[in-house]
2 protein chains.
Amino acid sequence: MAEQADKRQPVEAGGRGAENRERIVAAADRLFYEKGFQATSFSDIADAAGVPKGNFYYYFKTKDALLEGVIDWRRQCLKKLLSGLNAQYDDPRERLMTLLTGLCAGEDDIVRYGCPMGTLSAELCKTGHEMKEQAQSLLETIREWIATQLQAMGRDDAPEFAREILTRSQGVTLLAHAYGDHHLLVEEMARVRHWVTAVLDGQPH
Amino acid sequence: MAEQADKRQPVEAGGRGAENRERIVAAADRLFYEKGFQATSFSDIADAAGVPKGNFYYYFKTKDALLEGVIDWRRQCLKKLLSGLNAQYDDPRERLMTLLTGLCAGEDDIVRYGCPMGTLSAELCKTGHEMKEQAQSLLETIREWIATQLQAMGRDDAPEFAREILTRSQGVTLLAHAYGDHHLLVEEMARVRHWVTAVLDGQPH
DNA sequence: GTCTATATGGGGATAGAC
DNA sequence: GTCTATCCCCATATAGAC
């Protein structure tokens with residue numbers, strides 16, 4: 001189940017195969033997000049990626065292996081996002097607020113498809129998929145990063161505070177998705193930021 | 001799509017057919033909750049309900065019709081719950097706090113399968129199912145009830161406040177489900193209640 | 001490495017005996 | 001109203017030519 005990972009070595013070697021592999025992962029990533037994991041068929045992915053169905057069993061032996069590739073891909077994107085924030089700002093508070101603002105960046109996507117991490121976790125948990133822990137670890141990664149920023153601000157309630165920020169953000173995206181309400185997303189996320197600001201400025205929470 | 005509803009007339013007539021229909025709905029309700037809608041097959045339901053597969057096409061022409069029956073069933077349960085609270089308490093605040101406490105009642109279920117309304121909405125929205133609005137209306141029903149209680153307490157921010165309570169509750173259940181963490185559920189729900197109490201007692205929010 | 005043709009299984013749904 | 005046998009389709013997955 002973890003053996004597929006090493007197959008990714010030739011990615012940087014620059015062969016056409018690497019391009020194909022990445023195309024498949026990128027297409028699957030998008031479709032798993034838009035339609036969900038179960039509802040996405042190989043045909044869907046093949047069409048989207050422009051790669052014949054049969055071919056990509058060469059890259060991924062099973063659909064689960066493909067899911068693993070997609071989760072790894074999302075993990076890399078997330079890591080890149082967070083380390084980007086680390087590099088861009090020195091002030092941990094600025095980092096955090098930028099993240100919270102950025103969560104609304106893909107506004108339409110979130111309204112239409114929900115949070116990529118939250119919805120995937122929910123689906124995999126419900127179906128009892130073996131890879132649910134991997135999806136959960138994406139959420140945990142972001143929670144830890146938030147906690148790190150809070151700790152850098154000298155807060156001793158960093159872990160719980162971070163958890164609550166994540167909780168509220170997930171609640172907002174879930175409802176915005178369920179209601180298909182763009183306005184709800186923007187307004188409630190602003191409310192979350194306002195609350196974080198107030199707490200950081202000394203209000204008890 | 002709505003024609004199946006009138007089939008429910010004979011339910012109270014007390015024939016064996018009515019029992020069967022209810023058994024099917026009850027089994028489907030439970031399985032849709034535990035495994036999700038897509039992942040639940042007719043065979044699963046047939047086994048659980050003790051009714052042969054072929055038979056229940058007599059009651060539901062399609063899987064979607066069955067889903068509609070399940071959503072109606074959940075709506076009735078929800079209505080019963082809320083009117084029960086209305087009858088049990090005169091004080092709207094007591095009603096609200098009882099509801100918020102009760103949300104943790106099925107603790108283990110929530111940790112394992114999430115919120116019945118939230119997870120169903122998420123799944124139907126993601127797959128673009130025609131019945132997503134029906135699922136959404138379950139959430140809306142509960143939000144309206146909360147708003148009604150808040151308004152009865154004389155709050156002029158009732159609609160937004162109710163929405164935020166729902167948002168936070170959904171966030172808590174989503175994370176508790178994703179993490180499979182019983183402790184998280186209890187603790188964060190207590191935090192939500194604490195926050196509601198504080199706001200009701202005059203703290204700005 | 002690439003792609004076509006195909007196997008296999010399980011899903012929803014139907015026909016029709018009882 | 002009840003239940004069995006069966007159909008069809010589409011999904012994942014494989015075999016093997018190129």
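Residues numbered from 1 in each chain as written. Chains lettered and ligands numbered in written order. Predicted model: local features only at pLDDT ≥ 70, side-chain atom pairs only at ≥ 80, totals over all residues. Heavy atoms only, no water.

**A short note on the interface of chain B and chain A**
So the rule is basically this: Here a residue-residue contact requires only that any non-hydrogen atoms of the pair lie within 4.5 Å. Buried area: the accessible area, evaluated with a 1.4 Å probe, that two parts lose upon being put together, summed over both parts. Counted as salt bridges are all cases of a side-chain nitrogen of Lys or Arg within 4 Å of a carboxyl oxygen of Asp or Glu. Two N or O atoms form a polar contact when they lie within 3.5 Å of each other; inside protein one atom must be a possible hydrogen donor and the other a possible acceptor, and for residues adjacent in sequence the pair counts only when both atoms belong to side chains. In this description a helix means any DSSP run of H or I spanning at least four residues, a strand means any run of E spanning at least two, and both kinds are numbered starting from the N terminus. Ten residue types, Ala, Val, Leu, Ile, Met, Phe, Trp, Tyr, Cys and Pro, are classed as nonpolar, four, Asp, Glu, Lys and Arg, as charged, and the remainder, Gly among them, as polar.
Counting from both sides, the interface comprises 38 residues of chain B and, opposite them, 38 residues of chain A. Together chain B and chain A conceal approximately 3,500 Å² of surface at their shared face, both sides included; 55% is due to carbon and sulfur atoms. In terms of surface lost to chain A, no three residues of chain B exceed Lys126(B), Arg163(B) and Tyr179(B), which account for 22% of the buried area on that side. Our count for the contact surface shared by chain B and chain A stands at eight salt bridges. Across the salt bridge formed by Glu164(A) and Arg191(B), the nearest N and O atoms sit 3.2 Å from each other. Seen at the junction of chain B and chain A, the total is 16 residue pairs in polar contact (both at pLDDT 80 or more). The set of elements that each furnish at least two residues to the side of chain B that touches chain A consists of helix H1 (16–35), helix H6 (116–126), helix H7 (132–152), helix H8 (158–179) and helix H9 (182–200) of chain B. At 14 residues, H8(B) tops the list of elements feeding residues into the side of chain B that touches chain A. The residue makeup of the side of chain B that touches chain A, split by class, is 14 nonpolar, twelve polar and twelve charged.

**Describing the protein's contact with DNA strand C**
Stated precisely, the cut-off is as follows: The criterion for a residue being near a molecule or strand is simple. One of its heavy atoms has to lie within 4 Å of it.
Around DNA strand C, 14 residues are found, and the nearest of them are Tyr58(A), Tyr59(A), Phe42(B), Tyr57(B) and Lys63(B). The sugar-phosphate share of atoms of DNA strand C within 4 Å of the protein amounts to 66%. A distance of 3.5 Å is found between a phosphate oxygen of DNA strand C and a side-chain nitrogen or oxygen belonging to Asn55(A). Here Tyr59(A) contributes a side-chain N or O atom positioned 2.5 Å from a phosphate oxygen of DNA strand C. Of the residues belonging to the surface near DNA strand C, the class tally is five nonpolar, seven polar and two charged.

**Considering the protein's contact with DNA strand D**
Taken together, the neighbourhood of DNA strand D is formed by 15 residues, with Phe42(A), Tyr57(A), Lys63(A), Tyr58(B) and Tyr59(B) sitting nearest. Of all DNA strand D atoms lying within 4 Å of any protein atom, the proportion belonging to sugar or phosphate reaches 67%. In the environment of DNA strand D, a phosphate oxygen lies 2.8 Å from a nitrogen or oxygen atom belonging to the backbone of Lys63(A). Taking Tyr59(B), its side chain carries an N or O atom lying 2.5 Å from a phosphate oxygen of DNA strand D. Across the surface near DNA strand D, the residue classes tally to five nonpolar, eight polar and two charged.

**Observations regarding the environment of Lys35(B)**
Residue and element names in this part refer to chain B. Which entries qualify depends on this criterion: In this scheme, a residue with accessible area under 20% of its type's maximum is buried, one over 50% is exposed, and one in between is partly exposed, where area comes from a 1.4 Å probe on protein chains only.
Looking at where Lys35 falls in the secondary structure, it is placed in helix H1. With a relative accessible area of 30%, Lys35 lands in the partly exposed category. Taking C-alpha positions, Lys35 is 7.8 Å from Tyr113, a pair spaced 78 residues apart along the chain. A polar contact is formed between the side chain of Lys35 and the side chain of Asp44, at a distance of 3.1 Å.

Remember that the coordinates give geometry; whether it matters functionally is a separate question.
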